[in-house]
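# Examining the three-dimensional arrangement
One-letter residues, chain by chain:
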Protein chains: 4
Amino acid sequence: MLDFVNDYSEGAHEKILLRLLETNMEKLSGYGTDQYCESAKQKIREVCECPEADIYFLVGGTQTNATVIDAILSQYEGVVAASTGHISTHEAGAIEASAHKVLAIPHKNGKITAKAVKQYFADFYADGNHEHMVFPGMVYISHPTEYGTLYSKKELEELSIVCHEYDAPLYLDGARLGYGLVSEENDVTLADIASLCDAFYIGGTKVGALCGEAVVFPKNNAPKHFMTTVKQHGALLAKGRVLGVQFDTLFTDNLYFEISKNAIKTADTLKQALKEKGYTFYIDSPTNQIFLVLEDERLKELEQKVAVSFWEKADDNHTIIRLATSWATKEEEIKALIEIL
Amino acid sequence: MLDFVNDYSEGAHEKILLRLLETNMEKLSGYGTDQYCESAKQKIREVCECPEADIYFLVGGTQTNATVIDAILSQYEGVVAASTGHISTHEAGAIEASAHKVLAIPHKNGKITAKAVKQYFADFYADGNHEHMVFPGMVYISHPTEYGTLYSKKELEELSIVCHEYDAPLYLDGARLGYGLVSEENDVTLADIASLCDAFYIGGTKVGALCGEAVVFPKNNAPKHFMTTVKQHGALLAKGRVLGVQFDTLFTDNLYFEISKNAIKTADTLKQALKEKGYTFYIDSPTNQIFLVLEDERLKELEQKVAVSFWEKADDNHTIIRLATSWATKEEEIKALIEIL
Amino acid sequence: MLDFVNDYSEGAHEKILLRLLETNMEKLSGYGTDQYCESAKQKIREVCECPEADIYFLVGGTQTNATVIDAILSQYEGVVAASTGHISTHEAGAIEASAHKVLAIPHKNGKITAKAVKQYFADFYADGNHEHMVFPGMVYISHPTEYGTLYSKKELEELSIVCHEYDAPLYLDGARLGYGLVSEENDVTLADIASLCDAFYIGGTKVGALCGEAVVFPKNNAPKHFMTTVKQHGALLAKGRVLGVQFDTLFTDNLYFEISKNAIKTADTLKQALKEKGYTFYIDSPTNQIFLVLEDERLKELEQKVAVSFWEKADDNHTIIRLATSWATKEEEIKALIEIL
Amino acid sequence: MLDFVNDYSEGAHEKILLRLLETNMEKLSGYGTDQYCESAKQKIREVCECPEADIYFLVGGTQTNATVIDAILSQYEGVVAASTGHISTHEAGAIEASAHKVLAIPHKNGKITAKAVKQYFADFYADGNHEHMVFPGMVYISHPTEYGTLYSKKELEELSIVCHEYDAPLYLDGARLGYGLVSEENDVTLADIASLCDAFYIGGTKVGALCGEAVVFPKNNAPKHFMTTVKQHGALLAKGRVLGVQFDTLFTDNLYFEISKNAIKTADTLKQALKEKGYTFYIDSPTNQIFLVLEDERLKELEQKVAVSFWEKADDNHTIIRLATSWATKEEEIKALIEIL
């Protein structure tokens, strides 16, 4: 049985596990104050070209989003996001649980536009009743998006300009950032992101780590006492080394980018084959997630041999599914899948 | 330089890391639905003698406390706890962040008594204004406590009776549960705890795991949709295997208890030596934490050679410090420390 | 200068003020336990034909919505509402401030349909990831809606059936309930509402009271310790008499309905005149709110002589405005306005 | 039956009701933007000698405390208060409901000292683990306290100095402020309070109003978008006039102070008689609340003829009760009570 359900089906890149083993019995200080965290931070600052960055390692994506957003917003503010954004849909109300509204706006292929954001802010401040409404206090985007799509550098620049015009920090959820950065379609670097965003996180969980996300406040601009907010959100790992060693390994010798390439390469091979075989794509995604529209009959057959991710019903007889590759996908898996298709 | 600062200075027991490595490339389903989680749950059910238990694996202690307490309480209820309880003091307001008050009551050596709890409930319901007050909705204890002390089986039974009299679940924070269970002074088994408490967690982070706590609702009594509450609290690990494999290993061949014994044995050796050398104990702790009162001068000297944990000032010239042993403490470390003392 | 800005521009019906004066120096017990509250509750139970109802008097609408919704929902649940619902838009995030998401669904003229609600529930439970999402725990409707429109008895019945099928309480925001009940288009009685909804409130602030909303749980189904939740939300008035006397007066000799009729009668006269003069209605509202589309030039002229409520821009040259009548609107005001139009 | 249960048993001072009646049919703008609110604010600014003050009218005390504290604190901060403070005990967890911990410290007769506060801050920042704890972000005092006691000007000055040393706003809950200001023991003026505190409220509910509390930020220092926070807390009255007219009346011709004197005068007469008759005072309170220790037998007798407030049990045979006078207490009531005693 083949398995293309998601990009977190395996454990971690072997180098990470070996490094955890190697450093295992060293006595290290807790809560992210150890030397591996420090080394990892330094390497991330370098690759992001932001030597002043404040960096924190948290455990998972939902946790990271909830913590960062809660730390940035005042209690009368909410966060603007695509209606398809992860925080809008699949975080079980974690943002609201810390008392902030997600101000959902329409998306296109998972993305929001500077124009739409500007309009939202303009409409808000034009409304005579806006003091009775939730202030839009920051903007959330995911890159790649939940549909695997990417913002161009120009789009990010435009978003950044609008956000700063309205004094609203721009925050980028990079759960799958590695896969975005090495996509052929991508024209954005980590340094660009660090320059254009006020906060972002580099996803580890889906890109080769056991767990862990690296939050970057690129301009020495971490919210005051951010560590306490992290603790309050239950996101402060006692053995911070677990995250430090992982990110230190991922950002040594370009490992993060190298393993990301594997996901893209295998996805591209698969997409090519799917095109040749005449499959219908639900969306044209340039990263590691492939969305197909299948007849339900065909899907039933397929599921005998390969596990896929149900996305949503397209109509009464068709279903949208997702196939995901990852850092761990092997070429022979792709071959085997193509044979089945 | 020796280091007795805490019990989470090393990584994980080697068996855990090797098992993570061994299972690393297996494709497993996410969010705790994999076979290792299932196997670990089964083993925990057996050792707790509660075949009906609902079990969940969360990442850390503060997170676990906040999630469990939020799930159990109604919005008009708070949690009764010792004023020294971890939730009262060192969780950065995580309980309040989910809108629940910690109702602190006096402690004795970190413990609360059934009598004091009963009095709290009785006074509450006797107060004509109690509808203007936070209802005591559950009781939190830690075992071992923050001072390393233990509840006797009789004390737990009494607490359990009072709690059930007032329809308030009894919840036990077992961050260091292993160290309590194997202490010579202990007369409580996991099965006792499962029988007397409505919820408890078996700590992994401080007892040999990289991270992870196993929450047990022993009577098939997990709060409704608990998994969603876990997700909302940012406590649902995508790669649930990381926790499953660890707890499966810890509960194979009694590993959890065996490695706990090491902490107690080394602590006992150390305590014996300290007594012989005439040191003043701040508290008589039967587990892996040793609290000493030192002259500040003496402390300064000591800190040249061994890292300890500052607890609090005793008076102008004396300081209370903590020495902690763990699953990882080596006999030669103890010997070296004793020589210095 | 005429003023049709809203329906809370005047103080209270004179009978209310006189009754407050008359009972002013009586010593009464606090927090809603006085005889006037009791009498008012009894009268409301009678007119709603629900002798078992639990009734509470709160101060304002946003407060009432936040308190009732927080009391009904579990922490993993949100409230389904029209995207135009008051809780979705103009309550400054009060629902989210008590940690619950507003699950906005599309509206038609401010109303939601049983079909759309059923679809929402069905889609939710069909989604394999629904445990990662906010559970729809109750349904909120306003009647009249924010656009002044009304649910028919049949529509309410259908909504009630769907809600109960999914075990989700149906809650009706009756900020302007009086104006709905006496509209010619209305076929719903208070008894119908009490029979079909699980909770609702009868608005006082906009229908002749200084302040105050009467929350009704018609089937003796107030959430446990609701009074404590009310207190926690800062919604428990020390001098409960202020609300008791007002609602007792409003529900004596049909005053609530009689004064509501004035709003409808004056609105109907106005609508007739507007139709005759060829004005464009934005929506066909059968209650006390009239929505017009005006050329901006025409609006500017009009605003010299009459204060209206800006609603939103229709296009670059047109604006939607609202004219509101109320219990206090005088026929001569209508006449004067018609002359201007 | 006499009634000395509390100071909110009657409605409002008659002048207030008459003024509400007089202005009743004026069309006024909503949400506190009317001329009566403006006039009341101006008069309060004058009597407080703080021409720059931001002033808001809220409805009740718990609501006011929760709103102000939530607006001032960051999400990682709590509020320091006496363990007997109203927010610590009788607000049903309203502060925690907006996610902030009440950091209770010991009291003396309901008061906290600058020394104790300073110690709390010093200990907090000295603790190496303070980043794992709730930051003390502001200090709450009540004046008069829940025991009717008063801070001297010197004590307030000292508190103010400590607070500002630690950058923590000082907030004064003046639910019964009028009764404090006119007590013979008092040496503090409204101008002193405005100068020494960063926020305070002037209580209306217990001092002659139907409801209402005037929040003063004396140095033009209202938290950003405070009105939105007020709305979010359900504390924004649509008919703001109800509060504006009341405070405008209370601060016209010194009415607030004049009616406060009545409470003090009647309380003083009563205290004198109690002393002469040899009653045991639980506490020496200089304002309108009198706390007595009575034998239970004696209390039973007394309760046949006069309603009092149960405070707490003193021991097995004695009870502490409270007698409260108010702006409305009549001399003949005092006479009648003295005869009974």
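Residues numbered from 1 in each chain as written. Chains lettered and ligands numbered in written order. Predicted model: local features only at pLDDT ≥ 70, side-chain atom pairs only at ≥ 80, totals over all residues. Heavy atoms only, no water.

## Comments concerning the overall build of chain A
Rules: A run of H or I in DSSP counts as a helix once it spans at least four residues, and a run of E counts as a strand once it spans at least two, with each numbered from the N terminus. Each residue gets one of three labels from its accessible area relative to the maximum for its type: buried under 20%, exposed over 50%, partly exposed in between, using a 1.4 Å probe on protein chains only. The contact definition used throughout considers only heavy atoms, calling two residues in contact when any of these lie within 4.5 Å. Accessible surface is estimated by sampling points in the Shrake-Rupley manner with a 1.4 Å probe; for residues, cover comes only from the protein chains shown. For the purpose of charge, His is not counted, nor are the chain termini; Lys and Arg are scored as positive and Asp and Glu as negative. Charge positions are represented by NZ for Lys, CZ for Arg, CG for Asp and CD for Glu.
Each helix and strand counted, chain A has 14 helices and 13 strands in total. Viewed in the frame of its principal axes, chain A has a C-alpha envelope of about 60 × 55 × 35 Å. For chain A, the residues scored as buried account for 65% of the 341 residues in total. The long-range share in chain A, meaning contacts at least 24 apart out of those at least 6 apart in sequence, stands at 72%. Total accessible area computed for chain A in this model is approximately 12,100 Å², and 48% of it derives from carbon and sulfur atoms. Positive and negative side-chain charges in chain A, numbering 32 and 50 respectively, have mean positions lying 3 Å apart.

## Structural notes on the relation of the copies chain A and chain D
Test applied: Copies are brought into register by a least-squares superposition over C-alpha atoms of residues with pLDDT of at least 70 in both.
For the pair chain A and chain D, the superposition axis carries a translation of 0.0 Å, the fit reaches an RMSD of 0.0 Å, and the rotation angle comes to 180°. When the rotation and shift are considered jointly, the pair of chain copies conforms to a two-fold rotation axis. With an isologous cut-off of 70% or more, the 100% of interface residues of chain A that recur at the interface of chain D puts this contact in the isologous class.

## Digging into the UniProt feature "domain: Aromatic amino acid beta-eliminating lyase/threonine aldolase" (unreviewed entry) in chain A
The line we're drawing: UniProt positions are given in the numbering used here, feature names are shortened, and annotations may be inferred rather than shown by experiment.
The positions that UniProt labels "domain: Aromatic amino acid beta-eliminating lyase/threonine aldolase" (unreviewed entry) are, in the present scheme, residues 30-294 of chain A. In the segment residues 30-294 of chain A, helix accounts for 42% and strand for 17%; the C-alpha atoms at its two ends are 50 Å apart.

## Quick notes on the packing of helix α12 (residues 255-276) of chain B against helix α14 (residues 331-340) of chain B
Residues and elements named next belong to chain B. Rule in force here: Throughout, an axis means a line fitted to C-alpha atoms (over the contacting stretch in the case of helices), and angles, computed between N-to-C directions, take values from 0 to 180 degrees. Should an angle lie under 35 degrees it is considered roughly parallel, over 145 roughly antiparallel, and from 65 to 115 roughly perpendicular; all remaining angles are considered oblique. Rotating anticlockwise by less than a right angle from the far helix to the near helix defines a left-handed crossing, while the corresponding clockwise rotation defines a right-handed one. Residue polarity follows a fixed list, in which Ala, Val, Leu, Ile, Met, Phe, Trp, Tyr, Cys and Pro are nonpolar, Asp, Glu, Lys and Arg are charged, and the others, Gly among them, are polar.
For the pair α12 and α14, interaxial distance at closest approach is 10 Å and the crossing angle is 15°. As summarised for this structure, α12 and α14 are arranged roughly parallel, according to the angle between their axes. Crossing angle aside, the handedness with which α12 passes α14 is right-handed. Counted together, K265, T266, T269, L270 and A273 of α12 and E331, I334, L337 and I338 of α14 form the full contact between these two elements. Among the residues forming the contact of α12 with α14, the class breakdown is five nonpolar, two polar and two charged.

## Overview of the relation of the copies chain A and chain B
Superposition record for chain A on chain B: RMSD 0.0 Å, screw rotation 180°, translation along axis 0.0 Å. A symmetric contact is evident, with 100% of the interface residues of chain A recurring at the interface of chain B.

## Remarks on the domain arrangement of chain A
Residue and element names in this part refer to chain A. Just so we agree on the cut-off: Domain ranges listed in this record stem from an automatic or a database domain assignment. Throughout, the accessible surface (probe 1.4 Å) given up by two parts as they are put together, summed over both, is called the buried area.
Per the domain assignment, the segments of chain A are domain 1 (2-8 + 256-340) and domain 2 (15-253). Relative to domain 2, the C-alpha centre of domain 1 lies at a distance of 27 Å. With 24 residues of domain 1 in contact, the opposing surface of domain 2 contributes 28 residues. Both faces combined, the contact of domain 1 with domain 2 buries some 2,000 Å², and carbon together with sulfur accounts for 65% of it.

## What to know about the interface of chain A and chain D
Inclusion rule: For salt bridges, the criterion is a side-chain nitrogen of Lys or Arg within 4 Å of an Asp or Glu carboxyl oxygen. As used in this structure description, the phrase polar contact means that two N or O atoms lie within 3.5 Å; if the pair is within protein, one of them must be able to donate a hydrogen and the other to accept it, and residues adjacent in sequence are counted only when both atoms belong to side chains.
Listed as interface residues are 17 residues of chain A and, on the opposing side, 17 residues of chain D. When chain A packs against chain D, the two sides together hide about 1,800 Å² of surface, and 51% of this comes from carbon and sulfur. If you sort the residues of chain A by the area they bury against chain D, A:Q75, A:Y76 and A:H132 come out on top, with a joint share of 35%. Where chain A touches chain D, the interface holds zero salt bridges. Taken together, the connections running from chain A to chain D amount to six residue pairs in polar contact (both at pLDDT 80 or more). For the side of chain A that touches chain D, the elements supplying multiple residues, two or more each, are α3 (61-72) and α10 (226-232) of chain A.

## Remarks on the interface of chain A and chain B
On the chain B side, the residues contacting the 45 residues of chain A number 45 residues. Interface area for chain A against chain B, summed over the two sides, is near 3,900 Å², with a carbon-plus-sulfur share of 60%. Joining chain A to chain B, the criterion identifies four salt bridges. A salt bridge links B:E333 to A:K27, with the shortest nitrogen-to-oxygen separation between them at 3.0 Å. Linking chain A to chain B there are 28 residue pairs in polar contact (both at pLDDT 80 or more).

## Some remarks on helix α6 (residues 114-126) of chain B
Residues and elements named next belong to chain B. Selection rule: One less than the number of residues in a helix, times 1.5 Å, gives the span that helix is expected to have. Throughout, the arc means the angular range of directions from the helix axis out to the C-beta atoms.
Under the 1.5 Å per step criterion, the end-to-end length of α6 is 18 Å for 13 residues, consistent within 8% with the ideal 18 Å. Looking only at α6, the buried set comprises A114, V117, F121 and F124. Buried residues of α6, seen end-on, are gathered within an arc of 100° and therefore sit on one face of the element. For α6, exposure combined with an orientation more than 90 degrees from the buried face picks out K115 and A126. Tucked into the core, α6 has its buried residues touching β4 (102-105), β5 (135-142) and α7 (153-165).

## Digging into the sheet that holds strand β3 (residues 77-82) of chain B
All names here are of chain B. The following threshold applies: Strand pairing requires that DSSP identify at least two bridges connecting the strands.
The strand order across the open sheet formed by seven strands is β2-β8-β7-β6-β5-β3-β4, and the pairing between neighbours is mixed. Every other strand in the sheet has two partners, leaving β2 (54-58) and β4 as the edge strands with one partner each. Here the average twist between neighbouring strands, direction ignored, is 25°. Inspection of the sheet shows β5 paired to strand β6 (residues 170-174) by four bridges, in the parallel sense. Across the sheet, the residue bridging to S142 is D173, located in β6.

## Comments concerning the sheet that holds strand β12 (residues 309-315) of chain D
Residues and elements named next belong to chain D. With antiparallel pairing, four strands are arranged side by side in an open sheet as β9-β10-β13-β12. Strands with a single pairing partner mark the edges of an open sheet, and in this sheet they are β9 (280-281) and β12. When β12 meets strand β13 (residues 318-324), the two strands line up antiparallel, connected through five bridges. Pairing of S309 across the sheet is with R322, part of β13.

## Some points on the side chain of A:Q75
On the secondary structure map, A:Q75 appears in the loop between α3 and β3 (77-82). Within polar-contact distance, the side chain of A:Q75 engages the side chain of D:T229 at 2.5 Å.

## Notes on the side chain of B:T319
Residue and element names in this part refer to chain B. Along the chain, the position of T319 falls in strand β13 (residues 318-324). At 2.6 Å, the side chain of T319 and the side chain of D296 are in polar contact. For T319, the side chain forms a polar contact with the side chain of K313, separated by 3.2 Å. Once residues lying within four places of it in the same chain are set aside, the contact partners of T319 are L292, V293, L294, D296, L299, F310, E312, K313 and A314.

## A closer look at the pattern of salt bridges
Residues and elements named next belong to chain A. In total, this model carries 64 salt bridges over all chains according to the counting rule given. Measuring nitrogen to oxygen at the nearest pair gives 2.6 Å for the salt bridge that ties R176 to D7. Highlighted residues: R176 in the loop between β6 (170-174) and α8 (177-181) and D7 in the loop between β1 (2-3) and α1 (14-22), separated in sequence by 169 residues. Per residue, the accessibility class of R176 equals that of D7, and both read buried.

## With respect to the packing of aromatic side chains
To be explicit about the condition: Any pair of Phe, Tyr and Trp rings, taking the six-membered ring for Trp, is counted once the centres come within 6.5 Å. Such a pair is stacked with planes under 30 degrees apart, edge-to-face with planes over 60 apart, and tilted for the rest. We call a charge positioned above a ring when the Lys NZ or Arg CZ atom is no farther than 6 Å from the ring centre and deviates by at most 35 degrees from the ring normal.
Under the counting rule described, the total for this entry stands at 80 aromatic pairs over all chains. Ring centres of A:F121 and A:Y166 lie 4.7 Å apart, and the angle between their planes is 10°; on these two criteria the pair is classed as stacked. Taken together, the residues span a long stretch of sequence, with A:F121 in helix α6 (residues 114-126) and A:Y166 in the loop between α7 (153-165) and β6 at a distance of 45 residues. Taking the relative accessible area as the measure of exposure, A:F121 reaches 0% and is therefore buried. With a relative accessible area of 21%, A:Y166 lands in the partly exposed category. Clustering of aromatic rings is evident, with ring pairs tying together A:Y76, A:F121, A:F124, A:Y125, A:F135 and A:Y166. In this arrangement the basic side chain of B:K41 is found over the ring face of B:Y56, its NZ or CZ atom lying 5.9 Å from the centre. For D:K111, the ring lying beneath its charged end belongs to D:Y151, and the centroid distance is 5.5 Å.

## Observations regarding the environment of D:M227
With respect to the helices, strands and loops of the structure, D:M227 is situated in helix α10 (residues 226-232). Residue D:M227 is classed as buried on the basis of its relative accessible area, which comes to 16%. C-alpha separation for the pair D:M227 and D:K108, spaced 119 residues apart in sequence, amounts to 35 Å. D:M227 has contacts with A:E131, A:H132, D:Y31, D:Y56 and D:L236, leaving out every residue within four places of it along the chain.

## Notes on unusual backbone geometry
That bond from A:H143 to A:P144 is cis: its omega, -5°, falls within 30 degrees of zero. Note that A:P144 resides in the loop between β5 (135-142) and α7. Notably, B:Y31 is not glycine yet its phi reads approximately 60°, a positive angle. Positionally, B:Y31 belongs in the loop between α1 (14-22) and α2 (35-48). Of note in the backbone geometry, D:H225 takes a positive phi value of approximately 50° without being a glycine. Within the fold, D:H225 resides in the loop between β8 (213-217) and α10. Residue class for D:H225 comes out partly exposed when judged on its relative accessible area of 26%.

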